[in-house]
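# Structural description and commentary
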Amino acid sequence: MLAALRASSVAITTRELIGLAAPLQARGAKKSKRKKRPKRADRPQEAKDNSSGPPVRIFDNIMNPETPYQMSQTIRRHMRGLESDGRHNRRRYKDLSRYTHYRVLRIAGLTHDTQTEFEDNRSRRGFLTPLTEMQDNATLPRSADHRRFNYPHTLSYKVYWGPPSVQEEPNEYEGSMVGCRVAVRLCDLPLTQRQKERLIDIVGHDRICEKTGVLTLEADCFPERNHNAALLGDMLEQLLREALAADQRISALSDLSE
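The structure presented is a predicted model; accordingly, all values stated were derived computationally and were not measured. (Residues numbered from 1 in each chain as written. Predicted model: local features only at pLDDT ≥ 70, side-chain atom pairs only at ≥ 80, totals over all residues. Heavy atoms only, no water.)

## Notes on the overall build of the chain
Just so we agree on the cut-off: Secondary structure counts use DSSP, requiring at least four H or I residues in a row for a helix and at least two E residues in a row for a strand, with both numbered from the N terminus. Any two residues whose heavy atoms approach within 4.5 Å at even a single point are treated as in contact.
Secondary structure summary: the chain contains seven helices and five strands in total. Going residue by residue from the N terminus, the α and β elements of the chain occur as α-α-α-α-β-β-α-β-β-α-β-α. For the chain, long-range pairs separated by at least 24 residues make up 55% of all intrachain contacts whose partners lie at least 6 apart in sequence.

Printed below as a string of structure tokens:
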């Protein structure tokens, strides 16, 4: 009798507990395990041929260095990750820290660029070096029939007569064979007396002959004579522009004082 009552009470309780509250009956069921990847040696040959292989380490290319094409691909991939927007960008901690350090230096005024950079509609150009700025402001002749400077001037350079040089920088070993020099008289320049005085203050009295009044500029910065000659033309044009601008500033200050 007691056994029948116990069995009936157990049946009632099991009927009432339905759903998540029902007791778990699969106590001895087999647990499913995640399948392991096959070993590299057990894979078929086709899978081995199509795989990327082991990761390339830095010291693996010591005796067999990368080709220039592979180096350029790596650099382009890295630059593409820095320039892209959204979820495609790949910026490392060193990139973020370097940019943060650059922003701090820019706020402090310790960088080459300025807050008002030149920006066009297509892309951002960035800051300009003094040489690039001087080249951009230069006014070149349109053809061989046109002249760059309308006043008389002379261009001279030295030539090394001898066997061909095998040095990378022959100027350091064989004298100034690439240097160029331009000379012009102050009286031939289209400047006023005040502008000529300002010109002398800029270049210094050492570059002007007191007897003849000839101004001499020399350039020996590049290993090519053509580059030095082009630099001399840009320097002379910028020098005249600075003299004219100084005269305009002096006249503006005098007008303000009056």
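And the narrative resumes.
## A short note on the sheet that holds strand β5 (residues 214–219)
Definition in use: Pairing between two strands requires that DSSP report at least two bridges joining them. Helix axes are fitted to C-alpha atoms over the stretch in contact, other axes to C-alpha atoms as well, and angles between N-to-C directions run from 0 to 180 degrees.
Ordered in space as β3-β4-β5, the three strands form an open sheet in which the pairing is antiparallel. Lying at the two open borders of the sheet, with one neighbouring strand each, are β3 (154–157) and β5. Each neighbouring strand pair of the sheet contributes to a mean axis angle of 20 degrees, computed without reference to strand direction. Bridge analysis of β3 against strand β4 (residues 180–185) gives four bridges, and the strand direction is antiparallel. Residue Tyr-157 lies in a different strand from β4, and its bridge partner there is Cys-180.

## Side note on the pairing of β5
Using the following cut-off: Each residue is assigned to one of three classes by its accessible area relative to the maximum for its type, calculated with a 1.4 Å probe on protein chains only: buried under 20%, partly exposed between the two thresholds, exposed over 50%.
By the alternation rule, side chains of β5 split into Leu-215, Leu-217 and Ala-219, which are all buried, and Val-214, Thr-216 and Glu-218, of which none is buried. Summarising the sheet, β4 and β5 pair through six bridges and their orientation is antiparallel. Residue Arg-185 lies in a different strand from β5, and its bridge partner there is Val-214.

## Describing the pattern of salt bridges
To keep it simple, the criterion reads: Take a side-chain nitrogen of Lys or Arg and a carboxyl oxygen of Asp or Glu: if they are within 4 Å of each other, that pair is a salt bridge.
Taken as a whole and assessed by the stated rule, the structure comprises seven salt bridges. Asp-95 serves as the salt-bridge partner of Arg-98, at 2.8 Å between the closest nitrogen and oxygen. With a gap of three residues between them, Arg-98 and Asp-95 both fall in helix α4 (residues 93–107), about one helical turn apart. One salt bridge in this structure joins Glu-218 and Arg-181, with 3.6 Å as the shortest N-O distance. Taken together, the positions of Glu-218 in strand β5 and Arg-181 in strand β4 put the pair 37 residues apart, joining distant regions of the chain. Note on Glu-218: relative accessible area 42%, which makes it partly exposed. Its relative accessible area of 37% is what places Arg-181 among the partly exposed residues. Among the charged side chains, a network of salt bridges with common partners joins Arg-148, Asp-234, Glu-237 and Arg-241.

## Focus: the nonpolar core
Nonpolar side chains in soluble globular proteins tend to end up buried together. Using the following cut-off: Joining through side-chain atoms within 4.5 Å is the link that ties buried Ala, Val, Leu, Ile, Met, Phe, Trp, Tyr and Cys residues into a set, and such a set is a nonpolar core.
One finds Tyr-151, Leu-186, Leu-189, Leu-199, Leu-215 and Leu-217 to be the most contacted residues of the largest nonpolar core, which totals 22 residues. With six residues, helix α7 (residues 225–257) is the single largest residue contributor to this core. Not counting the four nearest positions on each side in its chain, Leu-186 is found in contact with Lys-196, Leu-199, Ile-200, Ile-208, Gly-213 and Leu-215.

## Topic: helix α6 (residues 193–203)
Basically, it comes down to this: The arc under discussion is defined with respect to the helix axis, by the directions toward the C-beta atoms.
Buried residues of α6: Gln-195, Lys-196, Leu-199, Ile-200 and Val-203, and no others. All buried residues of α6 project into a common sector of 145 degrees when viewed along the axis, lining one side. Backbone geometry just downstream of α6 places Gly-204 in the positive-phi region, at approximately 95 degrees.

## Re the confidence of the model for the chain
Filter applied, for reference: What pLDDT conveys is the predictor's confidence in a given residue, as a value from 0 to 100.
Per-residue confidence for the chain gives a mean pLDDT of 76; residues scoring 70 or more make up 67%. Low pLDDT, under 50, characterises residues 120–124; the predicted model gives this stretch three contacts beyond four residues in sequence or across chains.

## A word on the packing of aromatic side chains
To keep it simple, the criterion reads: When two rings of Phe, Tyr or Trp (its six-membered ring) have centres within 6.5 Å they constitute a pair, described as stacked for plane angles under 30 degrees, edge-to-face for angles over 60, and tilted for the intermediate range.
Here the structure, examined in full by the defined rule, presents two aromatic pairs. Between Tyr-99 and Tyr-102 the ring centres are 6.2 Å apart and the planes differ by 35 degrees, which places this aromatic pair in the tilted class. Here the residue Tyr-99 and the residue Tyr-102 both occupy positions in helix α4, the gap between them amounting to three residues, near one helical turn. Using a relative accessible area of 49% as the deciding quantity, one classes Tyr-99 as partly exposed. Judged by its relative accessible area of 30%, Tyr-102 falls in the partly exposed class. Ring plane angle 35 degrees and centroid distance 5.5 Å describe the contact between Phe-149 and Tyr-151, whose orientation is recorded as tilted. Across the pair, Tyr-151 and Phe-149 agree in class, each one buried.

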